[in-house]
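Chain residues, written in single-letter form:
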Amino acid sequence: MVKLKVNGIDRSFDGDSNMPLLWYVRDILGLTGTKFGCGMALCGACTVHKNGEAIRSCVTSMSAAAGSEIRTIEDLGANGLHPVQEAWLEMNVPQCGYCQSGQIMQAVSLLKSKPHPADQEIDDAMAGNICRCGTYQRIRKAIKLAAGKIA
Amino acid sequence: MSQIENVSRRKFLKGVFGAGALILTVRYIPTVRYIPPMWAQGQSTNGQTEADRATLHPNVFVGIQQDGTVCIVAHRSEMGTVIRTSLPLVLADELDADWKRVTIDQAIGDKRYGDQNTDGSQSVRRFYDTMRECGAAARSMLIQAAALQWNVPALDCSTELHAVVHKATGRRAGYGELATAAARLTVPKKEQLQLKKSSEWRYIGKGMTSVDLEKLCTGKAMYGMDARVDGMVYASIEHPPVFGGKIKSLDDQEALKVAGVRQTVSIDPFKPPAAFQPLGGVAVIADNTWAAFQGRKKLKITWDNGPNESYDSSNTRKSSRKLRTSRGS
């Protein structure tokens, strides 16, 4: 039996503890904002927070998530948009949007550890989040805008 | 289908170096001539969409309610190009509608909308004129309705944002107020429509954003794989390793032992030409995606690789190279 907290709610799971957190969140809890891209931690579409830090939920097993606090995109803006989401809207970041839940969760995590990241730091932190529409320039601008909002 | 005209290599090189430009002559020949969907009266409603149910509904793509809400139908599939925004935006522009008062209905598959096949970067090109005409038809009816009420010539009336105005007397009526009266009028013919000048455009070419922007930033946008229905199960398919291959034998006993796996289904291979037919293989059906993945790994399949068994890309490359150096016709 795996116990964990997802978006502030206590949960327990008695299925296969090797199941990646991604499928628990999407299929069992029905939180479909977190996306499946590659299943191999190569694209970042599945990024969620574990105890406040960005992780790839597609390769994080339920046993590895046990006892932690998980936060998904659904909770980020639950009580009004997060400044990163506001910045995303202002900069009109998404095109198709499929990767953006992951991009946003990664950016929130970055700004927590580095409130005013330089360009290179943004590029390094976001390098694992792939966007096929190529919204990288707008993502970088939005992260800077969000940094100003949070400060 | 596009046909590439053969430009002789010599002429081609001459073109490249002579004009400093790359010349590739492609003549585009559509295989199916597109027939625009009917937007004339009588073809307009079956009550499926908000547009159908609205008070004024001159065509299948737009409806105007008495409170002024403009309902526009997006009849192409959204696959990330923001087509759900761009085509309704063209209609709204021609209608002089306030974009903030527009709601968008995603159409289901329906012959009323013509061919809804969304591919090949064709949607704006093929429906740009139709959307403008549909918006212009509604606008024309609203103008006529106002002109009749005010007893002035329609030609002296014009539209501003979401309203018809008669400048000489300063009269104004919102689209919502006019909807009922306009609905009694005949839908104008395409030839009678007066389209806006490009200098009058409000939205086209103005860098508008997706109507789904906020949903895309909050995880609320619904993609194909996010669809959920009651009693839904999940499947993962093991396709043949060679294009056109089929199952020779299947042992799914171990797969069925995986917790959460319900059954396997063999899918027949396509009959050539492949076109858009399924590739075939074995689907593992389970209670969740992970169980389906695990079950799929446990399948024991022997494949008949079919006619492409001996296909070798290096041979194809060699024969292509040979063709490249042979004389063209």
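The numbers attached to residues start from 1 for each chain and follow its sequence in the written order. Working convention: letters from A go to chains and numbers from 1 go to ligands, in the order in which they are written. In view of the model being predicted, local features appear only for residues whose pLDDT reaches at least 70, and side-chain atom pairs are presented and counted only at 80 or more, with totals across whole chains, interfaces and linings using the full set of residues.

Another point: the interface of chain A and chain B. Each side of the interface is counted separately: chain A has 28 residues, and chain B has 20 residues. Here a strand is any run of E in DSSP of at least two residues, a helix any run of H or I of at least four, and the numbering for each starts at the N terminus. Listed by contribution, the elements that provide at least two residues to the side of chain A that touches chain B are α1 (21-28), α3 (73-76), α4 (83-90) and α5 (100-113) of chain A. Residue polarity is assigned by list, with Asp, Glu, Lys and Arg as charged and Ala, Val, Leu, Ile, Met, Phe, Trp, Tyr, Cys and Pro as nonpolar; anything else, Gly included, falls into the polar class. Tallied by class, the residues present in the side of chain A that touches chain B amount to 13 nonpolar, 12 polar and 3 charged. Any pair of residues counts as being in contact when their C-beta atoms, constructed from backbone geometry, are within 7 Å of one another.

This next bit is on unusual backbone geometry. Looking along the chain, the bond that leaves Pro272(B) and enters Pro273(B) is cis, with omega of 0 degrees. The topology assignment puts Pro273(B) in the loop between β12 (261-267) and β13 (281-286). In this model, Asn7(A) sits at a positive phi of 50 degrees, which is unusual for a non-glycine residue. Structurally, the position occupied by Asn7(A) is in the loop between β1 (2-6) and β2 (9-13). Labels follow a simple rule on C-beta atoms placed from the backbone: if 20 or more others lie within 10 Å of a residue's own, it is buried; if 12 or fewer, it is exposed; otherwise it is partly exposed. Under the C-beta neighbour-count criterion, Asn7(A) is labelled partly exposed, with 19 such atoms within 10 Å. The residue Val82(B) is not glycine, and still its phi comes out positive at about 70 degrees. Mapped onto the elements, Val82(B) comes out in the loop between β5 (70-74) and α3 (83-95).

Right, let's get into the domain arrangement of chain A. Residues and elements named next belong to chain A. As used throughout, domain bounds are those supplied by an automatic or database domain assignment. Under the domain assignment used here, chain A contains domain 1 (2-74) and domain 2 (83-150). Taking the mean C-alpha position of each, domain 1 and domain 2 sit 21 Å from one another. Opposite the 14 residues of domain 1 that make contact, domain 2 presents 12 residues. Put simply, the parts of the chain that give the side of domain 1 that touches domain 2 at least two residues each are β3 (47-50) and β4 (53-56). If one sorts the elements of the side of domain 1 that touches domain 2 by residue count, β3 sits on top with 3 residues. Each residue belonging to the side of domain 1 that touches domain 2 can be placed in one class, and the counts come to 6 nonpolar, 6 polar and 2 charged.

Residue and element names in this part refer to chain A. Being paired, for any two strands, means DSSP has found at least two bridges between them. Pairing within the open sheet is mixed, and its 5 strands lie in the order β2-β1-β5-β3-β4. The two strands at the open ends of the sheet, each matched to only one other strand, are β2 and β4. Between one strand axis and the next, the sheet turns through 40 degrees on average, direction left out of account. Bridge count for β1 against β2 is 5 bridges, and the pairing is antiparallel. The partner of Lys-5 across the bridge, within β2, is Asp-10. Interaxial angles span 0 to 180 degrees and are taken between N-to-C directions of axes, which are lines fitted to C-alpha atoms, for helices over the stretch in contact. Here α5 sits on the sheet and contacts β3 and β4; the angle it forms with β3, its principal contact strand, is near 35 degrees.

The next subject is the pairing of β5(B). Residues and elements named next belong to chain B. Taking burial as the measure, the 5 residues of β5 include 5 buried ones, the bulk of the element. Of the two faces of β5, both are covered, the one formed by Val-70, Ile-72 and Ala-74 as well as the one formed by Cys-71 and Val-73. Pairing geometry for strand β4 (residues 62-64) and β5, over 3 bridges, is antiparallel. Across the sheet, the residue bridging to Val-62 is Ile-72, located in β5. In this antiparallel pair of consecutive strands, β4 and β5, the connection spans 5 residues, and Gly-68 shows a positive phi of 90 degrees. Pairing of β5 with strand β6 (residues 102-106) involves 5 bridges; the strand directions are parallel. Residue Cys-71 lies in a different strand from β6, and its bridge partner there is Thr-103. Place the viewer so that the strands point away; then a crossover is right-handed whenever the path from the first strand over the helix to the second strand goes clockwise. Crossover β5 to β6 through α3 is right-handed.

Let us look at the nonpolar core. Soluble globular proteins tend to bury their nonpolar side chains together. By convention the nonpolar core is taken to be a set of buried residues drawn from Ala, Val, Leu, Ile, Met, Phe, Trp, Tyr and Cys and joined through C-beta atoms within 7 Å. Among the nonpolar cores identified, the biggest contains 55 residues, and Val84(A), Ile104(A), Ala107(A) and Ala146(A) are the most heavily contacted of them. Top element by residues in this core is α5(A). It accounts for 6 residues. Residues within four places of Val84(A) in sequence aside, it is in contact with Ile104(A), Ala107(A), Val108(A), Leu111(A) and Ala146(A). Within the second largest apolar cluster, 42 residues are counted, among which are Cys71(B), Val102(B), Cys134(B) and Ile143(B).

Once that is clear, we can look at the sheet that holds strand β10 (residues 234-238) of chain B. All names here are of chain B. The 3 strands are arranged β10-β13-β12 in an open sheet whose pairing can be described as antiparallel. On the outer flanks of this sheet lie β10 and β12, each paired with one strand and no other. Within the sheet, the average angular offset between the axes of one strand and its neighbour, ignoring direction, is 20 degrees. Relative to β13, β12 is paired through 6 bridges, and the arrangement is antiparallel. The residue bridging Ile-267 from the neighbouring strand is Gly-281, located in β13. Sitting on the sheet, helix α8 (residues 289-297) touches β10, β12 and β13, and the angle it makes with β10 is about 25 degrees.

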